[in-house]
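Given next are the chains, with one letter for each unit.
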Amino acid sequence: MSTRYQHRPTESERYSAPLLKAAALHLAVAILLFASFSRAPDFEPARPIVQATLVQLDSMSPAVTQTDQKIAGEAPKTAAPRHEEEAMEAQRQQQQAAEAARAAAAEKARQQAEAAAAEAARDEADRKAAEAAAAERRKAEEARKTAEAEAARRAQAEAERKRAEEEARRKAQEEARRKAEAERRAAEAAEQRRREQERLANERKAQEEAKARALSEALAEETQYQQAQADRSGDQVAASYDDVIRRYVSQQWRRPPTARNGMTVEVRLSMLPTGQITDVVIVRSSGDAGFDQSAVQAVRNVGRIPEMQTLSRENPAAFDRLYRQRTLRFKPEDLAF
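Residues numbered from 1 in each chain as written. Predicted model: local features only at pLDDT ≥ 70, side-chain atom pairs only at ≥ 80, totals over all residues. Heavy atoms only, no water.

Novice: I tried to follow the nonpolar core on my own but got confused; where do I start?
Specialist: Inside soluble globular proteins, nonpolar side chains tend to come together where they are buried. With 27 residues, the main nonpolar core has V267, V299, M308 and F330 as its most contacted residues. Taken together, the elements giving at least two residues each to this core come down to α3 (238-252), β1 (265-271), β2 (277-284), α4 (289-302), α5 (307-314), α6 (316-322) and β3 (325-330). No other element matches the six residues that α4 contributes to this core. Residues contacting V299, with those up to four places away along its chain left out, are V249, V267, L269, I277, V280, L328 and F330. (Core = buried A, V, L, I, M, F, W, Y, C linked by side-chain atoms within 4.5 Å. Buried < 20%, exposed > 50% of the residue type's maximum accessible area, 1.4 Å probe, protein only. Helix = DSSP H or I, 4+ residues; strand = E, 2+ residues; numbered from the N terminus. Contact = heavy atoms within 4.5 Å.)

Novice: Just checking my understanding: could you explain the packing of aromatic side chains for this structure?
Specialist: How two aromatic rings sit relative to each other is set out by the distance from centre to centre and by the angle between their planes. One pass over the structure, following the stated rule, counts three aromatic pairs. Look at W253 and F330: their rings are 6.5 Å apart centre to centre, the planes differ by 45°, and that puts the pair in the tilted class. With W253 in the loop between α3 and β1 and F330 in strand β3, this pair connects stretches of sequence that are 77 residues apart. You can call F330 buried: its relative accessible area is 0%. A network of ring pairs unites the aromatic residues W253, F291 and F330 as a single cluster. (Phe/Tyr/Trp six-rings, centres within 6.5 Å; stacked < 30°, edge-to-face > 60°.)

Novice: Please clarify how the sheet that holds β3 should be interpreted in this entry.
Specialist: In sheet architecture, strand pairing relies on hydrogen bonds along the backbone and comes in two forms, parallel and antiparallel. Here three strands make up an open sheet; going across it, the order is β2-β1-β3 and the pairing antiparallel. Single-partner strands in this sheet number two, and they are β2 and β3. Across the sheet, the mean angle from the axis of one strand to that of its neighbour is 25°, orientation sign disregarded. Inspection of the sheet shows β1 paired to β2 by six bridges, in the antiparallel sense. Following the sheet pairing, S270 is matched in β2 by D279. (Pairing = 2+ DSSP bridges. Axes fitted to C-alpha atoms, helices over the stretch in contact; angles between N-to-C directions.)

Novice: In this structure, what is going on with the environment of A118? I would like to understand it.
Specialist: Following the sequence through the fold, A118 ends up in helix α2 (residues 62-233). It is 9.4 Å that separates the C-alpha atoms of A118 and A22, two residues lying 96 residues apart in sequence.

Novice: Help me out: how do you make sense of the pattern of salt bridges in this one?
Specialist: For side chains bearing opposite charge, pairing can occur when the charged atoms are close. In the structure shown here, the tally under the stated rule is 30 salt bridges. Here E131 and R127 are joined by a salt bridge, their closest N and O atoms 2.4 Å apart. Here R127 and E131 lie together in helix α2, a separation of four residues that amounts to about one turn. For the pair E131 and R127, one class covers both residues: buried. (Salt bridge = Lys/Arg side-chain N within 4 Å of Asp/Glu carboxyl O.)

As structure tokens, this is what we get:
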């Protein structure tokens, strides 16, 4: 749909139109006045008019009679001036009528000029009223647009504030959820570590108790075994040094995960008089390579038994016969020989 362009008069155009109209009306009045004066007839200069009244008195006085006769004789002489006086009176009346017509024309022209001026004033007042109404409408429209723009701005600001609050609330909830989840996981991890540590502690405790119990049993059994060997060899000193060897080897042995009750492995170690262990070999296997290797590694980890140097110095024959080479037995109950 096309839009027709409507010309809006400028300030100079709005003010110049009534002024031109008023000037045209004044010019028309001046032309009418000039025309009325130019059509007026020319009259002769007015002459004085003398009117005489003859009064006849009934008197018997000769003086009066003579006077009457004299006036009666002069009557023909006054007839011509009377006619002239009448003509002058008519001319005077015509001149007065012309002046009255001119005055009426001037009054009409003045009234027309005043009416034109009043019309121009009304037009100017209407124009000013229209301009004031248009200005008021523009002002009201601008105020409406300003109010709408302000309302839109406030609505947008309110919407942005609500969005920011909602985003902040969502972020706070998300942060609280993440924090709670992290705390829960940390608590679970701590509890799991505690349980694992407790389990390991219980296992270590159980292992230590089992080791101590097995060692005690093994020591008792081995004491009897070594005592039998000592009795057969005739050397009672061997039992005490066996305890020393057992203590060193027990400290280095680590129970393998494949060890089972009832397993036994026998190893033979070779030793110098200084107590230095030079060799370890398996004499009888348990059937489990891991358990066998744990026994060999435990003896090797001892490295040297310093107490053997005392035995080799005090009783070299007993050292050579009993500890130059010595057979040890390992059992899953931690250690026995």
